Amino acid sequence: MLENTVVLSNKLEIKIDWLSFTFLDLKMPADLINMLGFFEKDFSLMPKGSNGYKSMLKLSGYPLYIMFDGNEDMGIFVSCSGGAIHALINAFSTTLEIVTPFDDIVINVNDFKNNVMIELLIFIKRFGHIARLDIAIDDIGCRFYKVQQVHNLLINKQCVSKFRNYQNLSKHSISTGDYFGHTIYMGSRSSNIMMRIYDKQMEMNSKLPDDKKINFPWVRWEFELKDERANEVANLIISRKNLGLITLGILKNYIRFVNLDDENRSRCSLTKTWKKFLLDVEPLRLYIPVAKKTIEQKK
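Residues numbered from 1 in each chain as written. Predicted model: local features only at pLDDT ≥ 70, side-chain atom pairs only at ≥ 80, totals over all residues. Heavy atoms only, no water.

Q: In this structure, what is going on with the overall build of the protein chain? I would like to understand it.
A: A count of helices and strands for the protein chain gives 9 helices and 15 strands. Counting contacts in the protein chain only where the partners sit at least 6 residues apart, residues at least 24 apart contribute 61% of the total. (Helix = DSSP H or I, 4+ residues; strand = E, 2+ residues; numbered from the N terminus. Contact = heavy atoms within 4.5 Å.)

Q: I tried to follow helix α3 (residues 116–127) on my own but got confused; where do I start?
A: Residues separated by three or four positions in an α-helix point in the same direction, a consequence of the helix having 3.6 residues per turn. Compared with the 16 Å implied by 1.5 Å per residue over 12 residues, the 17 Å span of α3 between its first and last C-alpha is a close match. Buried residues of α3: Val116, Met117, Ile118, Glu119, Leu120, Leu121, Phe123 and Ile124, and no others. Buried-residue contacts for α3 involve β2 (13–23), α1 (29–35), α2 (82–94), β9 (129–140) and α6 (227–238). N-cap assignment for α3: the residue whose side-chain oxygen lies 3.2 Å from the backbone N of Met117 is Asn115. (Expected span 1.5 Å × (residues − 1). Buried < 20%, exposed > 50% of the residue type's maximum accessible area, 1.4 Å probe, protein only. Polar contact = N/O pair within 3.5 Å; in protein donor to acceptor, adjacent residues only side chain to side chain.)

Q: Where do I start with unusual backbone geometry in this structure?
A: Most peptide bonds are trans, and most residues other than glycine sit at a negative phi. Of note in the backbone geometry, Asn51 takes a positive phi value of approximately 55° without being a glycine. One can find Asn51 in the loop between β3 (43–45) and β4 (55–59). Given a relative accessible area of 55%, Asn51 falls into the exposed group. You will see that Asp69, though not glycine, has its phi angle at about 65°, which is positive. Here Asp69 is to be found in the loop between β5 (64–68) and β6 (76–81).

Q: Help me understand the pattern of salt bridges in this model?
A: One side chain can pair with another of opposite charge once the charged atoms of both are near each other. Applying the stated criterion to the full structure yields 16 salt bridges. Between Arg189 and Glu224 there is a salt bridge whose closest N-O contact spans 3.7 Å. Placement of the pair is Arg189 in the loop between β12 (179–186) and β13 (193–199) and Glu224 in strand β14 (residues 218–226), with a sequence separation of 35 residues. Arg189 sits in the partly exposed class, given a relative accessible area of 48%. (Salt bridge = Lys/Arg side-chain N within 4 Å of Asp/Glu carboxyl O.)

Q: Help me understand the environment of Phe163, please; the structure alone is not making it clear to me.
A: Within the secondary structure, Phe163 is located in the loop between β10 (159–161) and β11 (166–172). Residue Phe163 is classed as buried on the basis of its relative accessible area of 11%. As for Phe163 and Tyr254, which are separated by 91 residues in sequence, their C-alpha atoms are 6.9 Å apart. Excluding its chain neighbours within four sequence positions, the residues that come into contact with Phe163 are Met186, Gly187, Ile193, Met194, Met195, Phe223, Tyr254 and Ile255.

Q: Help me understand the packing of aromatic side chains in this model?
A: Centre-to-centre distance and the angle between the planes together describe a pair of aromatic rings. Taken as a whole and judged by the stated rule, the model has 19 aromatic pairs. Centroid distance Tyr53 to Phe77: 6.4 Å. Interplanar angle 15°. Geometry classified as stacked. Pair noted here: Tyr53 is in the loop between β3 and β4 and Phe77 is in strand β6, with a separation of 24 residues, a long-range link. Of the two residues, Tyr53 and Phe77, neither departs from the other in class, the shared state being buried. Ring centres of Phe216 and Trp218 lie 6.3 Å apart, and the angle between their planes is 25°; this geometry places the pair in the stacked category. Look at Trp218 and you get buried, because its relative accessible area is 12%. (Phe/Tyr/Trp six-rings, centres within 6.5 Å; stacked < 30°, edge-to-face > 60°.)

Q: Would you mind showing me how to read the packing of α6 against helix α7 (residues 243–254) here?
A: Each pair of packed helices can be summarised by the angle the axes make with each other and by the distance between the axes. One can describe the packing of α6 onto α7 by two numbers: an axis separation of 10 Å at closest approach and a directional angle of 140°. Considering their axes alone, α6 and α7 lie oblique with respect to each other. Crossing of α6 over α7 shows right-handed handedness. Facing Arg229, Val233, Leu236 and Ile237 of α6, the residues of α7 in contact are Leu243, Ile246, Ile250 and Tyr254. By residue class, the composition of the contact of α6 with α7 is 7 nonpolar, no polar and 1 charged. (Axes fitted to C-alpha atoms, helices over the stretch in contact; angles between N-to-C directions. Parallel < 35°, antiparallel > 145°, perpendicular 65-115°, else oblique. Left-handed = near helix turned anticlockwise from the far one by under 90°. Nonpolar A, V, L, I, M, F, W, Y, C, P; charged D, E, K, R; others polar.)

Q: How should I be thinking about the environment of Gly37 in this particular structure?
A: Its place among the elements puts Gly37 in the loop between α1 and β3. Each C-alpha atom of the pair Gly37 and Leu88 lies 8.3 Å from the other, and the pair is 51 residues apart in sequence. Those residues in contact with Gly37 that sit more than four places away from it in its chain are Ala91, Thr94 and Thr95.

Q: What am I meant to see in the side chain of Asp138 here?
A: Of note, Asp138 is situated in strand β9. In this structure the side chain of Asp138 is engaged in a polar contact, spanning 2.7 Å, whose partner is the side chain of Arg220. Excluding anything up to four places from it in sequence, Asp138 contacts Lys11, Leu12, Glu13, Lys15, Trp218, Val219 and Arg220.

Q: I would appreciate a short explanation of the packing of α3 against α6 in the present structure.
A: Direction vectors running N to C along α3 and α6 enclose 130°, while the axes themselves pass 9 Å from each other. It follows that α3 is oblique to α6 by the angle criterion. Here α3 runs over α6; the crossing is left-handed. Where α3 approaches α6, its residues Ile118, Leu121, Ile122 and Lys125 are matched on the opposing element by Asn231, Ala234, Asn235, Ile237 and Ile238. Grouping the amino acids of the contact of α3 with α6 by side-chain chemistry returns 6 nonpolar, 2 polar and 1 charged.

Pasting the structure below:
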């Protein structure tokens, strides 16, 4: 019930890997700390704030930050990256615990199919607003594509995508030529949806000591969703849609790798590997309602 990872039949692992949210009606970080299931002693005050906030607290040992003391309308902002998601889920689960007449502790959720992540998202949307939500697709063992193979498909114009452009970034040492990583960015950082495909093995090994380094290939596909799109995905998760189907559905809606078997690329067939990657899911279009125009805007 506390897990945040879905393993699909093709061995892809999918998880929420970043969660940022704002509570506008809270002013004191101590209130939010308790509401999330932590203790004030778990946090330390940082030398300075961030993102326009004058002050910031950090969860000891984890990349979870609480920012406060901003302008009157800024409230409190929480940024929780992948390394702290599990700690957040564990802490929040304690707020759902109830003691039975037999002195057993159980999680108070609506039904056995529920999980703590769903309850956390419900809580956030009840009292605040999700600013960012990242979903990671991990190809551990590199069963489908290396990053360079994805780049080759892009160069060969075998990609049909709603993204207008991509950026290819490969890092090497000038003196030795050693490889330090490879990332493909699709879309714009300023938009509400962006995707990156990168060498997760190399990224992890750059932070680990020699005796802890990962010795197997690992490619991560990651969606960075903001504001309306982040909240729409949260709504789908809350409605108990399978996180794996949600993620692959979004991916299929934005990207297709095709065989060049038709003059019109939009009619080209999917490659065999891409079909296995997507598991024949239906494309999922994130619906963002269009705000009604005011009389002044119409004029």
